[in-house]
Amino acid sequence: MRFVRQLDQTDCGPACLSMVASHYKRNYTLGFLRDQSYITRDGVSVSGLREAAGKIGFNVITCQLDPASLKQREGLFPCILHWQQNHFVVLTGIKESRGSKKIRYRVADPALGPITINDEAFRRSWLSGSEEGIAIFLHLQDDLPVVKSSDHKEITFKSVLHYLLPFKRQLGVMMLMLALGSIINFAFPFLMQQMIDKGVAQKNLDLITMLLLAQVSLYTGSMVIEIIRNWLILHIGSKISISIISNFLKKLLQLPLKFFDSKMMGDFNQRIKDNEKIEVFLTSQSPVIFFSVITFSVFFIVLWYYNFTILSVYLLLTVVAVSWTMLWMSKRKLLSHQRFQNRSHNQELVSEILNGVAEIKLNNLEDYKRSQWEKIQLLLYNINKRLLKFDQFQLSGFEFINQIKNILITFLAAYYTIKGEITLGQLLSISYIVGQMNSPINQLVLFLRSLQDARLSLERLNEVENQPVEPEGIVTNLREGGFSLNNVTFRYGGPTSANALKDVSIRIPAGKVTAIVGASGSGKTTLMKLLLRFYEPTNGQISLNNTGIDKISQKHLWANCGVVMQDGMIFSDSIERNIATSDEDICVKRLQQASDIANISSYINTLPLKYRTKIGVAGNGLSGGQKQRILIARAVYKDPDFIFFDEATSALDAENEKIIHNNLQRFFKDKTVVIIAHRLSTVKHADQIIVLKHGRVVEQGNHQELAGMKNEYYNLVKNQLELGN
Ligand SMILES: Nc1ncnc2c1ncn2[C@@H]1O[C@H](COP(=O)(O)OP(=O)(O)OP(=O)(O)O)[C@@H](O)[C@H]1O
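Residues numbered from 1 in each chain as written. Predicted model: local features only at pLDDT ≥ 70, side-chain atom pairs only at ≥ 80, totals over all residues. Heavy atoms only, no water.

K.L.:
For this particular structure, what's the right way to read the overall build of the protein?
P.N.:
A tally of helices and strands in the protein yields 25 helices and 19 strands. When the accessible surface of the protein is summed, it comes to about 36500 Å², and 57% of that surface belongs to carbon and sulfur atoms. (Helix = DSSP H or I, 4+ residues; strand = E, 2+ residues; numbered from the N terminus. Areas by Shrake-Rupley, 256 points an atom, 1.4 Å probe, with all protein chains shown as cover.)

Shown next as structure tokens:
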């Protein structure tokens, strides 16, 4: 079975499935399995995992078992276990020692790696306090055709190397600097040998002075080279880092909104930070290793020329030292991965605490949230401790072997000098050469570590890079025709999850106002999001002006829509920039008109900087109603063909609402408008009202017709829409 690491906090289910599939010689990418298992921000549910496994050809049996019964089913391993009630792992085997009868479980934890744990730890995690735990057994159905994993393009280092292309000139200079540095290095041993053998032996003080002066100028030269090189690294590194992150953000913003439903923001933040490792690898480690190899090879030949035995001892011990370092690489990899996961979790929690300060204080959650944060810090501390331990073992062991090597070589060189096989000058140059040859080996170890870090970062980047972007779609006339929905059903999760909308067949006429009403959770927002192409319907079709909405360019559609969502976002920018988001050059007349319609201009004019006033992230410094009015002004400024308002005036007082409502009536003329509202005043004048109940359309008509029916709408109006008596 191939071990598959989870890339994000929510990935454990698909990673387990991928591991079990690999046991049956079927390879599926995490991304593919993620799509099949209806992942959400909470990860994958047991039923989502079952569905995904079923789709790729496995018979799935989910059981609740006690540890003894689990052991009896050993023939069906590897199986997936529900772990600590919020995670999945793969159980690959159970071992019972003959003497002590102690049981040990072999578990592949996608977050930690393959581990072996004792009975107590296993029960604690699997049973989580109850008698039985959940186990998912998978059995491959031979007769089913192999389901192909979708195309998965690997980002290789080659494809990342193109980031270096724009810096050809600077890189050339850097290489030249490194080459000069290497040449200077080669000169030292020969200078030293000449100084001892010719200068000291022949008591030639002039020669010694000359050689030492030559050394001083060479040292100065190498110092200058180092300074220039560091500046170049900083320059190229920062530019590359900007391009990598900018490309990452560009790709991220092209992805469908659905992708973000299953992602934690911390994972993205951490990815952006992680990009640094690729930059370090490209700018610092790669060019250096290139010259290290050259330096090493040249000194290798020189040492061979001096003494072959010394070279052989040197090589043997170097191989031992490098092998020692490699031994720790895989352990380091797992820990770096765990650190990534915990750091993203940490980021997520910190931003939750900072964004939800008021809510946390009001609900006395301070201690709970702080202790949650402390727990993550403890985990991070433990991981860092283990990483440091491994690093110390890795590097100290390497250093130790190196020192032994130096001592042994000094001894051998002294021995050959005493025997008269080499001169004193040669002895000194050999010591110098060995010292110099250590540096490329150190560079190699650093290079390998940097390569490993960069590889992990690439793997995570690759995950985003491999996501299919929204297809281009066609650009067509959207104004006429209106929307028509044909038997539309929609579920947020897999087939076993509840329908948010069921068999909805309606028309939303162009140039008219359609209001959607219904109790909370009846599917109003979902319906609006489907019209806006946030999601694809699970079944049925939605068309706009007789063209399937999935064929229309999303960019084109959104450019024609003015949308105010319940959780509309105010950016940390000036008021004018928050209203005129769609224009680079703001049209002052339209800005004022939009603010007038949204009845916010008088407030803006009381501010010292008026439209230039800066407002905080999420609209700090504005009241709920003011935020809503700015959002309305934003939609109006855009002057689109389609308007979608989801509770756009819910935070406004009756008077303000009335004014805005009247202003909007003129603005709505000839536009296709969809409004979700709980207030009768907003809904009453709509050309068409659609009543939703449990995701189904139960009534449809205008206010008079529906009120006259004295059914759902009537009751809703009486109880919810403030009709009163
Ligand atoms: N992102 C989501 N993932 C899973 N389920 C969701 C998601 N968003 C909404 N739902 C579910 O879909 C159903 C319909 O939700 P929707 O937000 O459309 O209701 P609504 O009528 O707009 O409610 P409200 O008036 O309270 O805003 C609800 O049962 C809700 O729990």
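Resuming the write-up.
K.L.:
Would you mind going over the sheet that holds strand β18 (residues 688-693) with me for this structure?
P.N.:
Sheets are built from strands paired through backbone hydrogen bonds, the pairs being either parallel or antiparallel. What the six strands build is an open sheet, ordered β13-β16-β17-β10-β18-β19; its pairing is mixed. The strands lining the two open edges of the sheet, one partner per strand, are β13 (561-564) and β19 (696-701). Averaged over all adjacent pairs, the angle separating strand axes in this sheet is 15 degrees, with direction ignored. Judged from the five bridges that link them, strand β16 (residues 642-646) and strand β17 (residues 672-676) form a sheet pairing that is parallel. (Pairing = 2+ DSSP bridges. Axes fitted to C-alpha atoms, helices over the stretch in contact; angles between N-to-C directions.)

K.L.:
For this particular structure, what's the right way to read the pairing of strand β7 (residues 483-491)?
P.N.:
Across a regular strand the side chains alternate sides, sitting on one face of the sheet and then on the other. As paired elements, β7 and strand β9 (residues 507-508) share two bridges and run antiparallel to each other. Bridging from a neighbouring strand, S484 pairs with R507 of β9.

K.L.:
Would you take a moment to explain the UniProt feature "transmembrane region" (unreviewed entry) in the protein for this structure?
P.N.:
When the UniProt feature table is mapped onto this chain numbering, "transmembrane region" (unreviewed entry) sits at residues 171-192, 204-225, 280-305 and 311-329. Overall, residues 171-192 shows 100% helix and 0% strand. The separation of its end C-alpha atoms is 32 Å. In this annotation, residues 204-225 is assigned 95% helix and 0% strand; the end-to-end C-alpha distance for the span is 32 Å. (UniProt positions renumbered as here; feature names shortened; annotations may be inferred.)

K.L.:
It is not clear to me how the nonpolar core should be interpreted in this structure. Could you clarify?
P.N.:
Generally speaking, soluble globular proteins have nonpolar side chains that are buried together. Formed by 45 residues in total, the largest nonpolar core has its most connected members in I579, I632, F645, L664, F668, I689 and Y713. In terms of residue count, helix α21 (residues 624-638) provides more of this core than any other element does, seven residues in total. The residues touching I579, leaving out its near neighbours within four places in the chain, are L591, A594, S595, I604, I630, A633, R634 and Y637. Core analysis: the second largest hydrophobic core is formed by 30 residues, L478, I516, L532 and I690 among them. (Core = buried A, V, L, I, M, F, W, Y, C linked by side-chain atoms within 4.5 Å. Buried < 20%, exposed > 50% of the residue type's maximum accessible area, 1.4 Å probe, protein only. Contact = heavy atoms within 4.5 Å.)

K.L.:
What exactly am I supposed to notice about helix α22 (residues 654-668) here?
P.N.:
Residues spaced three or four apart along an α-helix face the same direction, because each turn holds 3.6 residues. The terminal C-alpha atoms of α22 lie 20 Å apart, and with 15 residues this matches the ideal 21 Å at 1.5 Å per residue to within 8%. Burial in α22 covers these residues: N656, E657, I660, H661, N663, L664, F667 and F668. Along its buried surface, α22 packs onto β10 (513-518), α19 (588-597), α21, β16, β17 and α23 (680-683). Remark: D670 follows α22 within two positions and exhibits a positive phi of approximately 70 degrees. (Expected span 1.5 Å × (residues − 1).)

K.L.:
It is not clear to me how the site of the ligand should be interpreted in this structure. Could you clarify?
P.N.:
In the region of the ligand, the neighbouring residues are Y492, A500, A519, S520, G521, S522, G523, K524, T525, T526, Q566 and H678. Y492 is positioned such that a nitrogen or oxygen atom in its side chain is 3.4 Å from a nitrogen atom of the ligand. At a separation of 2.5 Å, an oxygen atom of the ligand approaches a polar side-chain atom of T526. Burial of the ligand by the protein amounts to 59% of the accessible area it has alone, namely 630 Å². At three residues, helix α16 (residues 524-531) tops the list of elements feeding residues into the shell around the ligand. (Near = heavy atom within 4 Å. Polar contact = N/O pair within 3.5 Å; in protein donor to acceptor, adjacent residues only side chain to side chain.)

K.L.:
Which parts of the structure should I look at to understand the sheet that holds strand β1 (residues 58-65)?
P.N.:
Spatially, six strands are ordered β1-β6-β2-β3-β4-β5 in an open sheet, and the strand pairing comes out antiparallel. Looking at strand neighbours, the two that pair on one side only are β1 and β5 (113-118), the edges of this open sheet. Strand-to-strand twist across the sheet, computed as the mean angle between neighbouring axes with direction ignored, equals 30 degrees. Where β1 lies against strand β6 (residues 133-140), eight bridges are found, and the strand directions are antiparallel. Directly across from Q64, in β6, lies its bridge partner I134. In this fold helix α1 (residues 12-23) packs onto β1, β2 (79-83), β3 (87-96), β4 (103-109) and β6, with an angle of close to 45 degrees to the strand it touches most, β3. The sheet contacts of helix α3 (residues 46-55) involve β1, β2, β3 and β6, and relative to β1 the element is tilted by about 155 degrees.

K.L.:
What exactly am I supposed to notice about the side chain of S601 here?
P.N.:
Among the secondary structure elements, S601 is positioned in helix α20 (residues 601-606). Residue class for S601 comes out buried when judged on its relative accessible area of 12%. With near-sequence residues (within four places) excluded, S601 lies in contact with S595, D596 and Y611.

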